[in-house]
Structures are given as structure tokens and as C-alpha cells.
Amino acid sequence: MSDFIFNYIPVFDLFLLHLGFAFSQYIALRSGVFSLATAAFAGIGAYTAGILSVKLGLPSPVGIAAGVVLGTAAALFLSLPLSKLRGVYQAIATVAFVQIVVSLNIYLEGLTGGAMGLNGIPHTVGTPVLFVAAAGVAYMMWAINRTRLGRTFDVIREDEAVAVSLGVPMARYQTLGFALSGGIAGLFGGLEAHHTYALEPNQFGFTFLIAILSYVVLGGRSSVLGPIVGTAVLIALPEIARPLDENRVLVYGLLLILVINFLPRGIADTAIDRLRLRRVARSGSAPAKAGKAVET
Amino acid sequence: MIAQQLLNGLIVGGVYALFALGFTLVFGIQKILNLAHGAIFTVGAFVSWYVVSLGLPLLLGILASIVVCGLLSMLVEFVCFSRLRKTGDEEFGAIISSIGAGLVIMTVVQRLSNTRVLRFPFETFPVRIYEFAGLRITLLQLFMVGCAALLVLALYILIYRTSFGRRIRAVTDNERASTLVAINPNATYRQVYFISGALAGVAGVLVGLAFSSIHFAMGEPYLLFAFVIVILGGLGSILGATIAALLFGMMQTLTIAFLPSGLTNTIIFLALFLILMVRPNGLFGKEAAGALRGRR
Amino acid sequence: MTELVLENVGKTFGGVVASENVNIRVPAGRITGLIGPNGAGKTTIVNMITGMLALSSGRITFGDTDLTTMMPHRIAEAGLARTFQNIRLLKDASILENVMIGFHMAERSTLLSALFRLPGAAKETRDTRAAAMALLDRFGMTHLRDHPAGSLSYGHQRRVEMMRALAADPQLLLLDEPVAGMNEAESAELARIFRELTDEGRAILLIEHDMRFVTDLCHHVYVLDGGKVISEGRPADVLADPVVVTAYLGESIDAA
């Protein structure tokens, strides 16, 4: 039994790390920002922590904290121009940002180790730290959903015209969501650096971006359970069946197509909706759909 | 030296134009970013390589690439987008769905090619170099320019001089209005997707010939470059994409020739980012990107 | 008393005139009607009042506040709330949640307390819920509170929009075709609520197609056609105005 647990600790660690990144992606989408910049913030956080530790010999908590600060700062800096853009334009701008960070990490060889990567980062982060960090962020996301912030994010994402008609200063809320996204990704980037000894610039590129996005799309973009379920499923799948591991990319691709077409709200959100509908139905008062709810 | 680089850039730019035109055409009619476009491009290179390796002439290979990539592009539309357009969630959904399709196509190509890097047989294209006013141009480069010019010209005639082109432009302007004048938008969409895929396919062959490095992931950088080009030219604009592709090709060869190697991508994506901030609708665009944010 | 005043408001799109020299007053405590055939420019006026469209000329004031160049969310803060012609609710969220969203401006918990769900934020959510329940009660919809908004009838959805708008305790309510798709009894019930609201001192601007509803309810009516006010006055007088009759020719006057 203990053998069993021991074998799965690396997978669990991976799950916790990626869950953090998934939350970063989640909170950006939740606030209605079509951002794919989580990979860039993660890269910034990871390299900040790594460089401060390897080059300056600073203790890892300092480096990780600096990663959070820089991740947040980068997001705040980006949010200004980003608030002028919408939809696919935001997506493209953030992809460009991801590419900028990747190519700078390759170019600034003296600092980052270039294409060879940054090696010899002290391994100071283990499962307990990752668990506390992921649980803390999950709690924060849950708290947001429970207060006015969550309600405001909902209306911004669903309908901007309604949001402003209710007096919501959209730009401010989206900046907030984006800054949280940057801070969380920065934190888990730093944790990843101290969890894996070495960093490699392409690690936080397009492939990373797609994986993180897949977690949130698969799990769901509304409830806190969404990123948790999505990350768990996609991390666990290859472990359950070896053939799935060999075809990991193929499975990701097929899942993305199927989920967005047939379960567009994701596993968790759809399940929650179903449960709620059932509860409402059981409580008696059937919806008064008198056959006239015709959309114009 | 500079003149030579500009010429080289112009030639590469012509190939970029083929790739970016297909990408922007689809965005023009459906406001969809087809992120599987890079994978379709890759397939184009592989199909031609396969035909040539069977001992058949290159021209036959190009023809095969056109047909296969055109059909593949239609298949992507059918599988990934047709359903999403009915539910009206295509902006976010189509990006996810086409990322999925790209991953699937890429994996299949990877499997079939055993992750090898292929090149066209040496004798596929006779190596001949011409000198003109101090500038050197190879026969292959002439061929590339010829192909690109021919196809771009054909596309222009198709769009601006035929009834089919009028249909495309009508659908681009307004889907509802076009159905009123008895245009079946779905048929038009399918045809546009075929053209889009065919152009990507030819671009794939030309890139495969020029850089003799055909592998399953070759489409990814081109997809990223296409972002830059279509934003520079204004998303959805055909003329804009053509000019932007040529400019981009020249800019790229110049940065490669005169700047430290690692910096090229940083500069390219920084430029993309800045263009989005300053002129989100491209250098030649008129209106502001996206819908309202406030008083406009 | 705060009054909404449109002074010589005009809007052109490119070269096309959508509104011209529009003068409208919406006084507190009264129901003012804005009617006109399809394409008369009602939506343009609504969009200019709510800040979604910039004015080409003229100005809009609300009491002492100049709304002319204000951002939409600031206009909402100034005390204007609205409903939408094509119902815009969060379809998957429950009725109660939809109404709670309307309390955005009443809620003041800080970011920090929201992020960590400190007692203040939790209490605020409880208060908001209670206030939303009170509104549901007023509109007779308490029993439907957990239903997803998208599952309700048209009439019920319109009422949810009204509750959401009222949550901010606005001085002026802008109602875009509030009784479309409702039956006789439902619209009579709404009429009663509207009168109550104006008795509380609020102003209501009613954009309507249903002429009978307008005649019964409004104190003052403006008729819009071709982007201009072609007639105004008491409902009975306006409807008898030959200019209005001509403008509505070819369209059924009684849409109910």
C-alpha cells in the first residue's frame, strides 16, 4: 500500500502544480478576459525564482515571492493595453506575449542559461508545500465565487452590456482578474522551479499553454470544481492506461473537440447544473414555461 | 547585401502570403481563428513529399497537396466549427476546437512519419543560380515567386471578379442579408475552407522545398507568423494580408541577417504586440477592433 | 426632484441621420412613454441615454448631473437603471442569482475581504440575498427563486430583469418593451407595480409598442418617427393626432 502511494507521489505533485496553473487560466477566463498568458506568467515566476536562487543564492521563499510579485506586475502592465482589445484580439496579444517571454528566456543566456536551460535549482518544494499552495488558491477562488466579486465576474463574462447597465466598471474588474491570474501563475511557476531542479525555456511555450487551457475547458469555467476536475482527469488519464500516455497529444486533441462541441460548459459545470435542475424539479414548482418563451 | 536580403525576404513573404491568406479568409467570413491551419500546411508538405518519393513529378505532388489539404480543411470545418456556429459560441469554442484538430492532425502525421525529419530528394528541383544586377536568385526561388504570385492573383480574380467572389463578399458582410438574396452561406463556407486549405497546402510544399526540413511540427511557427501577418494587415483583409506578408518576410530576413540570432522572435512578437496596441485593426484597417466598450 | 432631460439630441451614423433635434423630459414620479413605429429611432435614443452610443449633438442631463459624455457604468451609478428589449439574463443562473447581481452598486466589501471571504463579505452576501428575496416577494416570484432564468416564460423573465434593475434602487427606470409577450393579467399586474414605483418618487421611461398599455399608464407620451419627435402630449391627444396616425399607417396600431 505504501508502495502504491509512493509510486503516485510524482503524479500527485504534477497534479497540484498544474492545478495552480489551471486556476490562473480559470480566473482570467472567469473575469471575461480571453487570456492565454498563463504560460508567460508561469515562465516569469519560474525563471525569477530560479535565477534569484542559482545566481544570487537567495533562499527559495524569497525567490518564489519575487515570482509572485513579478507575475502580478507583468499582468498589471499587460492589462492596460489588453483592456482596449476584445475576444480573439486578446487571445492573439497574449499568445504573442507568451512567445516574447519564451524567446527572451532563450536569448538572455547569461541570466537564464539560454536554450540549455537553468540548472541546479535547489529542490526545496515538496508535496506538502504544493498542497498548501493549491488548497489556498482553491479557497480563494471559492471565496470569490461566494461574494459579490464572483457575481460581478459572471455578469461581465456573460453580457457586457448588462454589466455596465448595472454600474460595473468592467476594466477595473478585468484588471483584477488578470492580475490574480498573473500572481497565481507566478507563484506556481516559482514552485515548479524549486520542485524540478531545472528549467527549460520551451517548457512554458505553446504546448504548456494548450495543456493548461485543456484542463479548464474540460473541467468547466464557472465553478471552482471545473479546473480541479479537468486537471485531475487529464493528469490521471495517461496513468490509468499506458496506451493513453503514448497517445497523450491525440487524446488531448480529441477531448478538446468533443468537449467543446458536446459539453461546452465542461464536466463539472454541466454536472452541477444537472444536479440543481433535479433539485428544483423535486421541490415541486415546475418552471412556468407556458410555451411562449420564444427568443426574438 | 541589403538588397539581396530584401529580395530573399520578398520571396519568403510570397509563401507567407499564401499561408496567411487562407487563414484570414476564414476569419473574414466566420470570425473564426482556425488554429488547425498550421497542421494543414504540414500535411501539404508531407503529401507532396510522398508523391515525389514515389517517383512522380513534383507538379503532381502539388496538385495532390491542393486536393488533400482543401478537403482536410473542409473536414475541419465540418467537425470543429459547423456545430459551434449553431450554438453561437464560436469565438471561444472555435479556438479550442481547432487547437484540438491541429493536435490530432499533427499526431497522425507524426505517427505516419515516425517523427522523422524528411527532405525532398536532391534532384526534385534543379539547382540553378541566376545573377541579375548583382542579385542572386535560384530557380527554386523563381518557382516559389511564380507559384505565390499566380495563386494570389487567381485568388484576387476569384474574389473580386467572379460571382462566386461576390457571394463570399456578401457572406463576409452579412450572413443574414446574404440568405435573403438566396445565397446558401453553408455552400460558400465549404468552398472558402477548401480554398483556404489548398493555399496552406501549397505553402507547405514550397516551404518544404525551400528549407528541406519536413516534420510534423513544422506548422507551428508559421501559424504564429500568420498571427503577426493577419494582424498587421487587419484580420479578415485580403489585400492587407498580402502586403503584410511581404513586409513581414522582408522584416524577418533583415532581423535574422543583422541582429543577434536569438532576438528575431522577440522582435517579431514584440512588433505584433505593439501593432495590436496601436492599430488593432491592422496598418490598413479603419474601424476600432471589436464592439463597444463605452461611448464610441 | 431629479428629471432626465434630452436637449436637441442628435445622432448620425456616417451620413445617415438616426436622431435629430430630440427633446424629451422624463420627470420624477411620472410614467413617460416613448413610442413610434419600427425603425423610428427608439433604440438609438435608449443607447444614447445609457451611454452605449456617443451623441453627435445636444446634451443629456439627469438632475444636476451631465450624462452627455459619461461612461455607461457611471450613468448607472448616477441612478439610471434599464431593462432590455431582447431579454438579457444569465440563463444558466437561478432567478435569485440574477437578481442578486443587480445589487452590485449597493455592495461595498473590499477586495481583500472578498478574496479571503472574511466575515464582512459573508455577511454582505447574506444581506444581499435577503434584499433580493424581498424583491422576489414583491413581484410574486419567491417560489421560482431556484429555477434557472432560461427555463422561465417570457413574462417571468421580463420581471426578473425588472427586479435586477430595481435592485440598485434607481431614480429612473428605463423599460424597453416591458410587457412584450405577457398576457392581460400579467401586464395589469406590472402596471400596478409601475404605479407603485412612481408613487415612490421614481421616474419611468417606457418604450413600448403596445399602444393600449401606454394609453392606460403613461402621463405623457412622445411619438418618434424618422428619428424626430413628431408629436407629444397626453396619450389620448397624441393618438388622435393625424401626424401620428399617418406615421403608423401600414403598421398595426394595436400590437396587443
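All values derive from a computational prediction rather than experimental measurement.

1. Overview of the overall build of chain A
Here comes step 1: Within chain A one finds 14 helices and zero strands.
Here comes step 2: Moving toward the C terminus, one meets the helices and strands of chain A in the order α-α-α-α-α-α-α-α-α-α-α-α-α-α.
Here comes step 3: For chain A, the C-alpha radius of gyration of 20 Å lies close to 19 Å, the compact-globule estimate for 296 residues.
Here comes step 4: Each principal axis of the C-alpha distribution contributes one length, and for chain A these read about 70 × 50 × 30 Å.

2. Notes on the overall build of chain B
Here comes step 1: Within chain B one finds eleven helices and two strands.
Here comes step 2: Counting from the amino terminus, chain B carries its helices and strands in the arrangement α-α-α-α-β-β-α-α-α-α-α-α-α.
Here comes step 3: Expected size for 296 residues packed as a compact globule is a radius of gyration near 19 Å; at 19 Å, chain B falls within 12% of this value.
Here comes step 4: With respect to the three principal axes, the spread of C-alpha positions in chain B is 55 × 40 × 35 Å.
Here comes step 5: Sorting the 296 residues of chain B into buried and exposed places 56% on the buried side.
Here comes step 6: Taking contacts inside chain B between residues at least 6 apart in sequence as the whole, the part at least 24 apart equals 74%.
Here comes step 7: If you sum the accessible surface of chain B, you get close to 12,900 Å²; carbon and sulfur atoms cover 67% of it.
Here comes step 8: Each charge sign in chain B was given a centre, from 20 positive and 10 negative side chains, and these centres are 3 Å apart.

3. Section: the environment of glycine 67 of chain A
Residues and elements named next belong to chain A.
Here comes step 1: Secondary-structure assignment places glycine 67 in helix 3 (residues 60–82).
Here comes step 2: With relative accessibility at 0%, the residue glycine 67 sits in the buried group.
Here comes step 3: The spatial distance from the C-alpha of glycine 67 to the C-alpha of alanine 49 is 5.7 Å, given a sequence separation of 18 residues.
Here comes step 4: The residues contacting glycine 67, other than those within four sequence positions of it, are Gly45, Thr48 and Gly186.

4. Quick notes on the interface of chain B and chain A
Here comes step 1: Each partner contributes to the interface: chain B provides 42 residues, whereas chain A provides 42 residues.
Here comes step 2: Of the roughly 4,100 Å² buried between chain B and chain A, counting both surfaces, carbon and sulfur atoms make up 75%.
Here comes step 3: Our count for the chain B to chain A interface comes out at zero salt bridges.
Here comes step 4: The interface formed by chain B and chain A contains three residue pairs in polar contact (both at pLDDT 80 or more).
Here comes step 5: For the side of chain B that touches chain A, the secondary-structure elements that each account for two or more residues are helix 3 (58–87), helix 4 (90–113), helix 9 (219–233) and helix 11 (263–278) of chain B.
Here comes step 6: When residues in the side of chain B that touches chain A are grouped by element, the largest group, 13 residues, is from helix 4 of chain B.

5. Concerning the pairing of strand 4 (residues 57–62) of chain C
All names here are of chain C.
Here comes step 1: Where strand 1 (residues 4–13) meets strand 4, five bridges bridge the pair, whose relative direction is antiparallel. Residue pairing for strand 4: leucine 6 is matched across the bridge by isoleucine 60.
Here comes step 2: For strand 4 and strand 5 (residues 65–66), the ladder comprises two bridges, and the chain directions are antiparallel. Bridge pairing in strand 5 places threonine 61 opposite aspartate 66.
Here comes step 3: The antiparallel pairing of strand 4 with strand 5 creates a hairpin that spans two residues between the two strands, and glycine 63 there sits at a positive phi of about 60°.

6. Remarks on the sheet that holds strand 5 of chain C
Residue and element names in this part refer to chain C.
Here comes step 1: Sheet architecture is open: four strands sit in the order 2-1-4-5, paired in antiparallel fashion. On the outer flanks of this sheet lie strand 2 (16–26) and strand 5, each paired with one strand and no other.
Here comes step 2: Along the sheet, helix 1 (residues 42–49) contacts strand 1, strand 2 and strand 4; its crossing angle with strand 1, the most-contacted strand, is approximately 115°.

7. Description of the nonpolar core
Here comes step 1: Counting residues in each nonpolar core, the largest one holds 202 residues, and the members touching the most others are Phe41 and Phe97 of chain A together with Leu33 of chain B.
Here comes step 2: With 14 residues, helix 1 (residues 2–30) of chain B is the largest single contributor of residues to this core.
Here comes step 3: Not counting residues up to four positions away in its chain, the partners in contact with leucine 33 of chain B are Val88 and Ile92 of chain A together with Phe23, Phe27, Ala94, Ile95, Ser98, Phe227 and Leu235 of chain B.

8. Some remarks on the side chain of threonine 255 of chain B
Here comes step 1: Looking at the element boundaries, threonine 255 of chain B is found in helix 10 (residues 238–258).
Here comes step 2: Residue contacts for threonine 255 of chain B: discarding those within four places in its chain leaves Thr264 and Ile267 of chain B.

9. Quick notes on the sheet that holds strand 7 (residues 172–176) of chain C
Residue and element names in this part refer to chain C.
Here comes step 1: Strand order in the open sheet made by the six strands is 6-7-8-3-9-10, with mixed pairing throughout. What marks the edges here is a single partner per strand, and that holds for strand 6 (80–82) and strand 10 (228–233). The mean angle between the axes of side-by-side strands here comes to 20°, regardless of whether they run parallel or antiparallel.
Here comes step 2: Note: strand 6 against strand 7, three bridges, orientation parallel. Residue leucine 80 lies in a different strand from strand 7, and its bridge partner there is leucine 172.
Here comes step 3: Its contacts with the sheet put helix 6 (residues 154–166) on strand 6 and strand 7, and the angle it makes with strand 7 is roughly 160°.

10. Notes on the pairing of strand 10 of chain C
Every other side chain in a regular strand lies on the same face of the sheet, so the side chains alternate between the two faces.
Residue and element names in this part refer to chain C.
Here comes step 1: Pairing analysis gives five bridges linking strand 9 (residues 220–225) to strand 10, with the strands arranged antiparallel. Following the sheet pairing, leucine 224 is matched in strand 10 by valine 229.
Here comes step 2: Where strand 9 hands over to strand 10, the hairpin turn is made up of two residues, of which glycine 226 adopts a positive phi near 55°.

11. A few points about the packing of aromatic side chains
Here comes step 1: What the rule picks out here adds up to 22 aromatic pairs over all chains.
Here comes step 2: Aromatic side chains phenylalanine 12 of chain A and phenylalanine 15 of chain A sit 6.1 Å apart centroid to centroid with 25° between the ring planes, which places their arrangement in the stacked category. Here phenylalanine 12 of chain A and its partner phenylalanine 15 of chain A are both found in helix 1 (residues 2–30), three residues apart, which amounts to about one turn of the helix.
Here comes step 3: You can call phenylalanine 12 of chain A partly exposed: its relative accessible area is 35%.
Here comes step 4: Look at phenylalanine 15 of chain A and you get buried, because its relative accessible area is 14%.
Here comes step 5: The cationic tip of arginine 88 of chain C hangs over the ring face of phenylalanine 84 of chain C; the distance from NZ or CZ to the ring centre is 5.2 Å.

12. Looking at the confidence of the model for chain B
The predicted coordinates of low-pLDDT regions are not to be read in fine detail.
Here comes step 1: On average, residues of chain B score 85 in pLDDT, and 92% of them are at 70 or above.
Here comes step 2: Across chain B, the secondary-structure element scoring lowest on mean pLDDT is helix 7 (residues 175–180) of chain B, at 56, and the one scoring highest is helix 2 (residues 37–53) of chain B, at 94.

13. Digging into the pattern of salt bridges
Should the charged atoms of two oppositely charged side chains come close, the side chains can pair.
Here comes step 1: Inspection of every chain in the model, using the stated rule, returns 24 salt bridges over all chains.
Here comes step 2: Note that aspartate 154 of chain A is salt-bridged to arginine 30 of chain A, the shortest N-O span being 2.7 Å. You can see aspartate 154 of chain A sitting in helix 7 (residues 148–158) and its partner arginine 30 of chain A sitting in helix 1, a full 124 residues away along the chain.
Here comes step 3: Here arginine 30 of chain A falls in the buried class, since its relative accessible area comes to 3%.
Here comes step 4: One salt bridge in this structure joins aspartate 169 of chain C and arginine 202 of chain C, with 2.7 Å as the shortest N-O distance.

14. Re the environment of glycine 36 of chain C
All names here are of chain C.
Here comes step 1: Checked against the element boundaries, glycine 36 lands in the loop between strand 3 (31–35) and helix 1.
Here comes step 2: Each C-alpha atom of the pair glycine 36 and glutamate 3 lies 22 Å from the other, and the pair is 33 residues apart in sequence.
Here comes step 3: Contact partners of glycine 36, with chain neighbours within four places excluded, come to Lys42, His209, Leu224 and Tyr248.

15. Looking at helix 7 of chain A
Here comes step 1: Burial of helix 7 of chain A is extensive: eight of the eleven residues sit out of reach of the surface.
Here comes step 2: What helix 7 of chain A keeps buried is the set Arg148, Leu149, Gly150, Arg151, Thr152, Phe153, Val155 and Ile156 of chain A.

16. Regarding the packing of helix 3 of chain B against helix 4 of chain B
Residue and element names in this part refer to chain B.
Here comes step 1: Closest axis-to-axis distance for the helix 3/helix 4 pair is 9 Å, and the angle between their directions is 145°. Judged by the twist between their axes, the crossing of helix 3 over helix 4 is right-handed. Where helix 3 abuts helix 4, its residues Leu72, Val76, Cys80, Phe81, Leu84 and Arg85 lie against Glu90, Gly93, Ala94, Ser97, Ser98, Ala101 and Ile105.
Here comes step 2: A per-class count over the contact of helix 3 with helix 4 returns eight nonpolar, three polar and two charged.

17. Examining the environment of leucine 60 of chain B
Here comes step 1: With respect to the secondary-structure elements, leucine 60 of chain B resides in helix 3.
Here comes step 2: Given a relative accessible area of 42%, leucine 60 of chain B falls into the partly exposed group.

18. Remarks on the packing of helix 2 (residues 38–54) of chain A against helix 3 of chain A
Residues and elements named next belong to chain A.
Here comes step 1: At their nearest, the axes of helix 2 and helix 3 sit 8 Å apart, and the two run at 145° to each other. Along this stretch, helix 2 crosses helix 3, giving a crossing that reads as right-handed. Each of Phe41, Ile44, Gly45, Thr48, Ala49 and Leu52 in helix 2 lies in contact with helix 3, whose residues at this interface are Gly63, Ile64, Ala66, Gly67, Leu70, Gly71, Ala74, Ala75 and Leu78.
Here comes step 2: Along the lines of polarity and charge, the residues of the contact of helix 2 with helix 3 split into ten nonpolar, five polar and no charged.

Cut-offs applied
- Residues numbered from 1 in each chain as written.
- Chains lettered and ligands numbered in written order.
- Predicted model: local features only at pLDDT ≥ 70, side-chain atom pairs only at ≥ 80, totals over all residues.
- Heavy atoms only, no water.
- Helix = DSSP H or I, 4+ residues; strand = E, 2+ residues; numbered from the N terminus.
- Rg over C-alpha atoms; globule rule 2.2 N^0.38 Å.
- Buried < 20%, exposed > 50% of the residue type's maximum accessible area, 1.4 Å probe, protein only.
- Contact = heavy atoms within 4.5 Å.
- Areas by Shrake-Rupley, 256 points an atom, 1.4 Å probe, with all protein chains shown as cover.
- Lys, Arg positive; Asp, Glu negative; His and termini not counted.
- Charge placed at Lys NZ, Arg CZ, Asp CG, Glu CD.
- Buried area = accessible area lost by both parts, 1.4 Å probe.
- Salt bridge = Lys/Arg side-chain N within 4 Å of Asp/Glu carboxyl O.
- Polar contact = N/O pair within 3.5 Å; in protein donor to acceptor, adjacent residues only side chain to side chain.
- Pairing = 2+ DSSP bridges.
- Axes fitted to C-alpha atoms, helices over the stretch in contact; angles between N-to-C directions.
- Core = buried A, V, L, I, M, F, W, Y, C linked by side-chain atoms within 4.5 Å.
- Phe/Tyr/Trp six-rings, centres within 6.5 Å; stacked < 30°, edge-to-face > 60°.
- Lys NZ or Arg CZ within 6 Å of the ring centre and 35° of its normal.
- pLDDT = per-residue confidence, 0-100.
- Left-handed = near helix turned anticlockwise from the far one by under 90°.
- Nonpolar A, V, L, I, M, F, W, Y, C, P; charged D, E, K, R; others polar.

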